[in-house]
Amino acid sequence: QVQLVESGGGLVQPGGSLRLSCEASGSISRLNLMGWYRQAPGKERELVASFSIGGSTDYADSVKGRFTISRDNAKNTVYLQMNNLKPEDTAVYYCKLTNWTITPTTYWGQGTQVTVSS
């Protein structure tokens, strides 16, 4: 089993910044993928940013140039730096980890609320 604990969400004004953190623990495979997703009320969960197998990064078009994903492998932690936040970024943000083994297994964090409002 893998446990994912997110932190860093909160209320911020438009144009502000937040940094989300997700610390993974447990049975983490050597090759794993981590990323961030979000779900706004009444909408489906969507990709925000993630690492690919080759180590490159993928971003949703709506966050390119504003959000940056990074990771600290020594701490099994992935971060999401969010700048120039907009009201439409309001959502619950979830951390995802996939153990990339013969039978890939995906785990989700409990989510952290991000609210962008004046």
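You'll find the structure just up there.
Now for a quick tour of the structure.

Rules and cut-offs
Residues numbered from 1 in each chain as written. Predicted model: local features only at pLDDT ≥ 70, side-chain atom pairs only at ≥ 80, totals over all residues. Heavy atoms only, no water. Helix = DSSP H or I, 4+ residues; strand = E, 2+ residues; numbered from the N terminus. Buried < 20%, exposed > 50% of the residue type's maximum accessible area, 1.4 Å probe, protein only. Contact = heavy atoms within 4.5 Å. Salt bridge = Lys/Arg side-chain N within 4 Å of Asp/Glu carboxyl O. Pairing = 2+ DSSP bridges. Axes fitted to C-alpha atoms, helices over the stretch in contact; angles between N-to-C directions.

Attention now moves to the environment of I28. Checked against the element boundaries, I28 lands in the loop between strand 3 (18-26) and strand 4 (32-39). When its relative accessible area of 22% is taken as the criterion, I28 is described as partly exposed. When the C-alpha positions of I28 and W100 are compared, they lie 9.4 Å apart, and in sequence the two are 72 residues distant. Residues contacting I28, with those up to four places away along its chain left out, are V2, N76, L97 and N99.

Moving on to the pattern of salt bridges. Working definition: two side chains of opposite charge can pair if their charged atoms are close together. If you walk through the whole model with that rule in mind, you get four salt bridges. Residue E46 pairs with R38 through a salt bridge whose shortest N-O separation is 2.8 Å. The exposure class assigned to E46 is partly exposed, which follows from its relative accessible area of 36%. By relative accessible area, R38 is classed as buried at 5%. Linking D89 and R38 is a salt bridge whose minimum nitrogen-to-oxygen distance equals 3.0 Å. Within this pair, whereas D89 is found in the loop between strand 8 (77-82) and strand 9 (91-99), its partner R38 is found in strand 4, the two being separated by 51 residues in sequence.

Pairing is antiparallel across the open sheet formed by four strands, whose spatial order is 1-3-8-7. The open sheet is flanked by strand 1 (2-7) and strand 7 (67-72), the only strands paired with a single partner. Between one strand axis and the next, the sheet turns by 15° as a mean value, whatever way the strands run. Bridge count for strand 1 against strand 3 is six bridges, and the pairing is antiparallel. Looking across to strand 3, one finds that E6 is bridged to C22.

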